[in-house]
Every structure is written in structure tokens, then in C-alpha cells.
Amino acid sequence: MIQTKISASNDNDMFDIFNTTPPSGAQGIISLAEAGKLEPFNDMFDKKLPDVPGKAIKELMMPGLAESFTKVNGKVYEFATSSSYGGLFYNKSLFEQKGWNQNPKTWAEFNDLLAKIKADGLAPITFPGIYPSYYDWAFGPAKLFELADIKGKADKVIENYKTYNGPQFTSEESLEHWNRLYELGKKGYFPEGLPALTHTQSQMQVIQGQAAMVSTGSHVENEMKKTTPEDFKWGFMAVPFRDKAEQKLWIRSGITNFQYMWAGKPDLNKKWSKEFILWLMTLDNQQFAAEKAGALPMRKDLIDDASKVVKLSTSAQAILKYIKDNDARSYKPHRTVSISDPNLAKANKMVEEATVKIVLGKQDPKPILEEADALLKKAVESQKK
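Draft legend 1. Focus on empty space enclosed by the protein. Enumeration over the complete set of coordinates arrives at one cavity of 30 Å³ or more. Lining the largest cavity are 14 residues, with Trp137, Ala138, Lys143, Ile251 and Arg252 positioned closest to its centre. Within the residue set of the lining of the largest cavity, elements represented by two or more residues are strand S6 (79-91), helix H5 (136-139), helix H6 (141-150) and strand S10 (250-261). With four residues, the top contributor of residues to the lining of the largest cavity is H5. Class assignment for the residues of the lining of the largest cavity results in eight nonpolar, three polar and three charged.

Draft legend 2. Looking closely at the pattern of salt bridges. Taken as a whole, this structure holds 21 salt bridges when the rule is applied. For aspartate 16, the salt bridge is made with lysine 265, and the minimal N-O distance between the two is 3.6 Å. Taken as a pair, aspartate 16 in the loop between helix H1 (2-8) and strand S1 (17-18) and lysine 265 in the loop between S10 and helix H11 (267-280) lie far apart in primary sequence, 249 residues in all. Take aspartate 16: its relative accessible area is 27%, and that puts it in the partly exposed class. Looking at lysine 265, the relative accessible area reads 12%, which means it is buried. Here glutamate 39 makes a salt bridge to lysine 270, at a shortest N to O gap of 3.0 Å. Placement of the pair is glutamate 39 in the loop between helix H2 (25-34) and strand S2 (48-49) and lysine 270 in helix H11, with a sequence separation of 231 residues. Take glutamate 39: its relative accessible area is 18%, and that puts it in the buried class.

Draft legend 3. Geometry of the packing of H6 against helix H7 (residues 154-163). Contact geometry for H6 and H7: axes closest at 8 Å, N-to-C directions at 145°. Only Ala154, Val157, Ile158 and Tyr161 of H7 make contact with H6, whose side of the interface consists of Pro141, Phe145, Ala148 and Asp149. Residue composition of the contact of H6 with H7, by class: seven nonpolar, no polar and one charged.

What counts and what doesn't
Residues numbered from 1 in each chain as written. Predicted model: local features only at pLDDT ≥ 70, side-chain atom pairs only at ≥ 80, totals over all residues. Heavy atoms only, no water. 1 Å grid on protein atoms, 1.4 Å probe; cavity = no way out; pocket = protein on both sides within 12 Å on 5 of 7 lines; lining within 4 Å. Points joined across faces, edges and corners; volume = space filled by probe spheres on them. Helix = DSSP H or I, 4+ residues; strand = E, 2+ residues; numbered from the N terminus. Nonpolar A, V, L, I, M, F, W, Y, C, P; charged D, E, K, R; others polar. Salt bridge = Lys/Arg side-chain N within 4 Å of Asp/Glu carboxyl O. Buried < 20%, exposed > 50% of the residue type's maximum accessible area, 1.4 Å probe, protein only. Axes fitted to C-alpha atoms, helices over the stretch in contact; angles between N-to-C directions. Contact = heavy atoms within 4.5 Å.

Below you can see the structure in the form of C-alpha cells.
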């Protein structure tokens, strides 16, 4: 319905506000924004919340979320009212029983944990090899930014990532990131049957005690509730790429439940659309969405209210506690430049198809990354013509 109405481009027949992502995802948003069809939301961040009149939205957002909004030519055209997080999810009771470290602070401590898990006869980490992009939840671009942050250049690397500026697959951070995965693979920290796993099968491996941790998102508890024992409690950790505990820990976040406003509407309609979004951002609504739909809050003050947190799912509780305890920086990697040249799709597909071999220690990542960057360079150059 949304796609049909967008294609018709009839202002009178279009919704004032809608929460279905426009066709082609981020690329669709960029093209619609550049065509002047969407109304920007930049002023929303400074608007005061109805239930906390003295505070603006941006003041009460979880760390890193405000910076995670996609911008097109400096403007925000989609406004999120919920968050999600990615990392490694595990059986909390099993970790307690085994005495395994539930909060490794550094890369060295994380490797020690994996070695202990393997010695106990379990696959330390799993994810769906049929959908290899799931590795991204725990090991994706947020880890590139963590490595860059250690060297004081996170802002530069993020900007290069957003705009496809310079090497992407063979940047210093990317090579380090993929080499670390390759080393984990050579140590046998991923299950041999990984290539044939679907996302639910990989998550079931954790529930059934065949694997210790699964790389996935905060939707896992909702998605697996029909097959999870009633007393099962999900735990959560990020993968620390940092070498020292005092360095910043980065977590992949997803901002979700996006709202979009149609530009060709009267100002009064736009005003009330924004009031509706402000209402969705009240703590009661944030709590409701978290309890009923597993959508994590945008607001950090929910974490401070123990009476509200205790009503959330075990995975949500684990994530929010982890973020608070580790003062973690959440971030949603996103692009602000649209590239339609097919060489970009070829590059991404090449790396995705090599991911499973890399994490099983069967493929040196460097040759693949070099070939992918050569394709990306062609795509970028073609776009400039």
C-alpha cells in the first residue's frame, strides 16, 4: 500500500505519517529525501518530552542512538521510537553453572573464555551459515569503530564508512577485524556444521546446550519463546575488541520502529504528526513496547527504574544491565551515500560468501577483501561519472 501511494505521488491521498520503510530500504529513503518527498525531523531532537517537560529527546536517548540516525545531506528523514541491540546471547544458567566469565573486558579475556568453553566440549560461538550476515550482530562494523576509537580516529573512520570514502574492506581496521575472526576460526571456536544452519537452528543450539553463544539480535527471546524452557534466562555480552578495560566498548545497535512524514502535507498535519511521535517517546509507551513487543527503549532513564526493568524480558534486562555496567557506546552503522553500480553488490556478495570459510579458519580473508575493494573502487568511480 505504501509503495503504491509513493509511486502515485498524490499528496492528498498519501498518509501524513507512516511507519513502513519506503521501498528499497535506506536507498529508498535517500532517493525520496533527495526528491523532496519526505519531511525532515532535525527539530525533533530538541523537542521537550511530555512526561519530562524540562528534558529534550536527545538528552534522554541511550548513548550513541542520536548519532545513529541516518542523515541525507545533513538532515534526518526517519525517526526511530525503539531500539535493538546485537551481540552474543547465551544461557545464563549454564554460564553460572560452569563458572564462565559473563563479562570479559578485553580481547584477551574473551579469548580465554572461548578456550574454556571449547575445553568443556561446547562450540563457543555459533550463527547461521545460511545467512552469514548474522555474524554482523556481534562482529560487524561497530567493532571497526571500536578499533578506530582506540587509536583516536573513530569519527574519521565512521565518516569514511558512511560515504564509501577510501578503502572499506582493506582499511587498517577492517583487516584487523577479519584477521581476528580468522584466528578464532583456526582455533575451532565455531561449529563445523555452521554452513548448514538457519538462524533459528543456530539459536536452538544455545537453548539445547550444543553451543555456548549465538551472534544475533535482541529479538531472539521473542523469536524463540515457543521453543525455550520457561526457566531459561538469556544472558548478553558484546565482543570486546579493546585491549584495555578503560578503552571504549562499542555495541551494534539498531534503531527501529521508524516514522516517516510526507512533505506535501499542511503544516498543521506535520505538527500533530510530531506530537504523535513525542507521545510514543514517553516512558509509559517505551515500557509498553518493550514489554509487549520486545522493542528496547530509546530512553536511558528507563534503565534507572528497577520497577520497570524487572518487567522486561530476560534478554532485555541483560542487555540494558550490560550497557550500564560497561558504559558501552551503542551505534547503528549506516551509509549516507547511495551507490547503484552493480560492482558494489558484487563486492558485498563476495565478502558475505567468504564469511563462513573465514570464521572456520579455512579462508585467509586478505585476498578476498582486496578483490572486494577493487570492485568497490569501480563502483565509486562509476557513481562519480
